[in-house]
Amino acid sequence: MEEMDEQILEAADALRADMISREQEKKKSFCKGAAIGVLSTLALCLLVFFVIPYVTLIISEKRDTVTGPIGSAQSEAEQTQPKELLDAATKNKLDALSQIIDYYYYEDVDHAALQEGLYKGLFSGIGDIYSAYYTAEEYNDLEVSALASLSGIGTVLQQDPDTMQVSIVRVYDDTPAQKAGLRAGDIIVQVDDIVCTTMELTELVTHIRGEAGSHVKLKVYREDATAYEDYDVVRAKIDLPTVSGQMLEDGVGYILIAEFGTGTVKEFTKTYEELKSKGMTSIVVDLRDNPGGLMDSATEILDMFLPEGVLVWTEDKQGNKKEYKSDAKSIDIPMVVLVNENSASSSEIFAGAMKDYQYATLLGTKTFGKGVVQSLRKLADGSAIKLTIAKYYTPSGNCIHGTGIEPDVKLEFKYLGDLDKRYDLMQDNQVLKAIEILNK
């Protein structure tokens, strides 16, 4: 035991000597008396508290340069002025933290990466899942993934704004995802080495997409499974239309809008005209699991059906309003719009306008509740920011952000057919109810 005590004391003496040497080298500008006092304190606490006293010391020394105590009440004049983000206290704290990282982190640190982390942290501090900072490389990946020709796995994903949990809301037929065995309702826990809850969905999908023939590993939680399941999915070129349609029965046409993209208006118009030529006299528009997309795409399709008036309007922090309007041309056809908890954003713009004008019957379950607008801006150095800039309102003035839209006819989804066989619209209880409403 005595030998062990001696070894500990020797180790402490060696560490203390090394610490004194490095401290003197690093803090030559400090006054000699203060440095000796600091190092003596550190030496006494070396075996029990090695890092904490030093952290406290540096931050305390920096605080001494700030006029007034941190956290003191601001004067009335100061409260009326915009608060400087990088005030003296913040700059001093950043310098102190940077010194601690330089001094104690076990490897060299890329300072450019630390600066990028500051920018990301700034947007994270807003507390808004839809606002984000992208490095130049991330923004480039984002642009590439937004192109029409995709190499991916063939799913539609949704992210919970509170938990950041990512789930699959649709798996397209004959895609890598379907062939691998993924299903709607699966929760994606991890993409390769990325934990999904640590990343905003727009950025996460750039890691799911990639070169055709390459692999992406997904860790998935399924409600009826006893453990996480791993999937190795081979990416492929996918050319997915955003609109599909077919005739049902009794003159009822069915049009599914998977999302509102750049080609959706053209695809919808073509599908609508084809069904009209086949004798369509009423229509079911399916927006279930539609995560949204382009506002302009949604309002252009609304303009086809609704009379002259406001379709949706946005308002920013300064009270500036922008209205999206319909012209006097309209189509008079009975319509039911299917919605669910995954119908979001532009889907809710569509559903909200249809409900406010009492043009269509909304059927299903309450929508997601995303009623805010984002702006994506590229910066001079190639990086970019996405920022929520306004709320949007339905024609009657309802802001549905965080609340969603209640359907006129509430009906939980239930599939009446064999789940092991190919999906059949005529075994979908919500579709059957829509047909019943339209045939009254």
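Structure first, text after, so check above.
A short tour of the structure in this document, coming up. (Residues numbered from 1 in each chain as written. Predicted model: local features only at pLDDT ≥ 70, side-chain atom pairs only at ≥ 80, totals over all residues. Heavy atoms only, no water.)

According to the stated counting rule, one finds 11 aromatic pairs in the structure shown. Taking 5.7 Å as the distance between ring centres and 85° as the angle between the ring planes, the aromatic pair formed by Tyr272 and Phe305 counts as edge-to-face. With Tyr272 in helix H10 (residues 264-277) and Phe305 in helix H11 (residues 295-305), the pair connects residues that are 33 residues apart, well separated along the chain. In this structure, Tyr272 and Phe305 share a single accessibility class: buried. Ring pairing ties together the aromatic residues Phe268, Tyr272, Phe305 and Tyr359, which thus form one cluster. (Phe/Tyr/Trp six-rings, centres within 6.5 Å; stacked < 30°, edge-to-face > 60°. Helix = DSSP H or I, 4+ residues; strand = E, 2+ residues; numbered from the N terminus. Buried < 20%, exposed > 50% of the residue type's maximum accessible area, 1.4 Å probe, protein only.)

Attention now goes to the side chain of Glu203. One can find Glu203 in helix H9 (residues 201-208). Other than its neighbours up to four places away in sequence, Glu203 contacts Lys120, Tyr134 and Glu138. (Contact = heavy atoms within 4.5 Å.)

A few words on the sheet that holds strand E16 (residues 361-364). Strand order in the open sheet formed by 6 strands is E10-E11-E12-E15-E16-E19, and the pairing between neighbours is mixed. In this open sheet, the two strands that pair with only one neighbour each are strand E10 (243-247) and strand E19 (409-410). The sheet contact formed by E10 and strand E11 (residues 252-257) spans 5 bridges and is antiparallel. Residue pairing in the sheet places Gln246 in a bridge with Tyr254 of E11. Relative to strand E15 (residues 335-339), helix H12 (residues 346-356) is tilted by about 140°, and along the sheet it contacts strand E12 (282-286), E15 and E16. (Pairing = 2+ DSSP bridges. Axes fitted to C-alpha atoms, helices over the stretch in contact; angles between N-to-C directions.)

Relative to strand E18 (residues 384-393), strand E1 (residues 132-134) runs antiparallel, the two being bridged by 3 bridges. By the bridge assignment for E18, Tyr134 is matched with Ala384. As defined by bridge partners, strand E13 (residues 309-316) adjoins E18 across 4 bridges and the pair is classed as antiparallel. The residue bridging Asp316 from the neighbouring strand is Ala390, located in E18. Hairpin connection, strand E17 (residues 372-378) to E18: the antiparallel pair is bridged by 5 residues, and Gly382 has positive phi, about 95°.

Moving on, we come to the nonpolar core. Ranked by size, the top nonpolar core spans 37 residues in total, and within it Ile257, Phe305, Met335, Val337, Phe350 and Met354 carry the most contacts. With residues up to four places along the chain from it excluded, the contact list for Phe305 reads Phe268, Tyr272, Ser330, Ile331, Ile333, Met335, Met354 and Tyr359. Leu157, Val171, Ile194 and Leu204 belong to the second-largest nonpolar core, a separate cluster that totals 21 residues. (Core = buried A, V, L, I, M, F, W, Y, C linked by side-chain atoms within 4.5 Å.)

Another point: the environment of Pro334. The residue Pro334 is located in the loop between strand E14 (321-326) and E15 in this model. The class for Pro334 is partly exposed, based on a relative accessible area of 42%. Taking the C-alpha atoms as reference, Pro334 lies 9.6 Å from Ile437; in sequence the two are 103 residues apart. The contact partners of Pro334, leaving out residues within four places of it in the chain, are Thr281, Ser282, Ile283 and Leu438.

Moving on, we get to helix H6 (residues 111-124). The end-to-end C-alpha distance of H6 is 20 Å, a good match for the 20 Å that 14 residues give at a rise of 1.5 Å each. Two to three positions downstream of the cap, the backbone nitrogen of Ala112 sits 3.0 Å from a side-chain oxygen, assigning the N-cap of H6 to Asp110. (Expected span 1.5 Å × (residues − 1). Polar contact = N/O pair within 3.5 Å; in protein donor to acceptor, adjacent residues only side chain to side chain.)

Below, the discussion takes up the pattern of salt bridges. Going through the model one piece at a time under the given rule, you end up with 9 salt bridges. In this structure, the salt-bridge partner of Arg288 is Asp286, at a minimum N-O distance of 2.8 Å. For Glu323, the salt bridge is made with Lys325, and the minimal N-O distance between the two is 3.5 Å. Note on Glu323: relative accessible area 46%, which makes it partly exposed. Overlapping salt bridges, with partners in common, bring together Asp186, Arg222 and Glu229 in one network. (Salt bridge = Lys/Arg side-chain N within 4 Å of Asp/Glu carboxyl O.)

Quick look at the pairing of strand E4 (residues 166-171) now. When you tally the buried positions in E4, you get 6 out of 6 residues, the bulk of the element. By the bridge criterion, 5 bridges tie strand E3 (residues 155-159) to E4 in an arrangement that is antiparallel. Residue pairing across strands places Thr155 opposite Val171, the latter belonging to E4. Counting the residues between successive antiparallel strands, the hairpin from E3 to E4 contains 6 residues, one of them, Met164, with a positive phi of roughly 65°. Pairing of E4 with strand E5 (residues 187-191) involves 2 bridges; the strand directions are antiparallel. Bridged to Ser167 within E5 is Ile187.

The values reported here are purely geometric and, on their own, carry no functional implication.
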